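A look at the structure
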Amino acid sequence: MSPAFGKCYDPSGATWGIPTFPWRLAPDGYATRRQLRARGLRPGGQPVAAQLMRQARRRKSGVLVAYLYRVDRAKPVRPMTPAKRAALAAAMAARRRCPACRIDAGYCIPTSLGMCVTCAYPSDQRTE
């Protein structure tokens, strides 16, 4: 067993407080939020049941952690209501509308520019 594997393998939870497994080696019955969502489920208020860990060279802490939830305690995803669908459509429309020219850009306005590309770089839009 490699040292990295041994550091991340703690099924009893003695070291990290909750059961810890190496990356990609979670036992059956556990899933991340994304995996639950792909199955049409949500955590449903349950606490974190376990975690996955792996070493990461580029992070200050030196480890990457993914939290796991129990699949048998997960609840189905709530259906989208008409009001929520309308609110999301309005929010996306606001992200596409340029505050400078008030035109729907057809894409989400970059937050780094704060306006559509045409308004941010007017001299680059000339055709010569």
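The present account deals with the structure reproduced in this document. As the structure is a prediction and not an experimental result, all values here were calculated from the model.

**What to know about the overall build of the protein chain**
Along the backbone of the protein chain there are 4 helices and 6 strands. Each helix (α) and strand (β) of the protein chain, taken in turn from the N terminus, gives the series α-β-β-α-β-β-β-β-α-α. Across the 128 residues in the protein chain, those meeting the buried criterion constitute 20%. Contacts in the protein chain between residues at least 24 apart in sequence constitute 45% of all its contacts with a sequence separation of at least 6. A total accessible area of about 9,700 Å² is found for the protein chain, and carbon and sulfur atoms account for 53% of it.

**Some words on the pattern of salt bridges**
Counting across every chain of the model gives 2 salt bridges. One salt bridge in this structure joins R70 and D72, with 2.7 Å as the shortest N-O distance. Classification of R70 by relative accessible area gives partly exposed; the value is 31%. One salt bridge connects D104 with R96, and the closest N-O pair in it is separated by 3.5 Å.

**Here we look at the sheet that holds strand β4 (residues 50-55)**
As summarised here, the arrangement of the 4 strands in space is β1-β4-β5-β2, forming an open sheet in which the pairing is mixed. The open sheet terminates on both sides in strands that have one partner only, identified here as β1 (20-22) and β2 (30-31). Where β4 and strand β5 (residues 63-70) come together, 6 bridges link them in antiparallel fashion. Considered in β5, the bridge of M53 is made with V65.

**What about unusual backbone geometry?**
With phi around 70°, R24 is a residue other than glycine that occupies positive phi space. Phi is positive for R102, which is not a glycine, with a value near 60°. Its location among the elements puts R102 in the loop between α3 (82-96) and α4 (117-120). Overall, R102 belongs to the exposed group, its relative accessible area being 58%.

**Quick notes on a nonpolar patch on the surface**
There is a patch of nonpolar side chains on the surface, built from Y107, V117 and Y121 and spanning about 250 Å² of accessible area. Within the secondary structure, V117 is located in helix α4. The exposure class assigned to V117 is partly exposed, which follows from its relative accessible area of 33%.

**Some details on the packing of aromatic side chains**
Here the structure, examined in full by the defined rule, presents 2 aromatic pairs. Considering the side-chain rings of Y9 and F21, the 6.4 Å spacing of their centres and the 65° angle between planes classify their relative orientation as edge-to-face. On the criterion of sequence distance, the pair formed by Y9 in the loop between α1 (3-8) and β1 and F21 in strand β1 is long-range, its members being 12 residues apart. What makes F21 buried here is its relative accessible area of 9%. Relative to Y30, the ring of F21 lies with its centre 6.4 Å away and its plane at 45°, an arrangement referred to as tilted.

Conventions and cut-offs
- Residues numbered from 1 in each chain as written.
- Predicted model: local features only at pLDDT ≥ 70, side-chain atom pairs only at ≥ 80, totals over all residues.
- Heavy atoms only, no water.
- Helix = DSSP H or I, 4+ residues; strand = E, 2+ residues; numbered from the N terminus.
- Buried < 20%, exposed > 50% of the residue type's maximum accessible area, 1.4 Å probe, protein only.
- Contact = heavy atoms within 4.5 Å.
- Areas by Shrake-Rupley, 256 points an atom, 1.4 Å probe, with all protein chains shown as cover.
- Salt bridge = Lys/Arg side-chain N within 4 Å of Asp/Glu carboxyl O.
- Pairing = 2+ DSSP bridges.
- Patch = residues over 30% accessible without salt bridge, like charges linked within 9 Å, V, L, I, M, F, W, Y side chains within 5 Å.
- Phe/Tyr/Trp six-rings, centres within 6.5 Å; stacked < 30°, edge-to-face > 60°.

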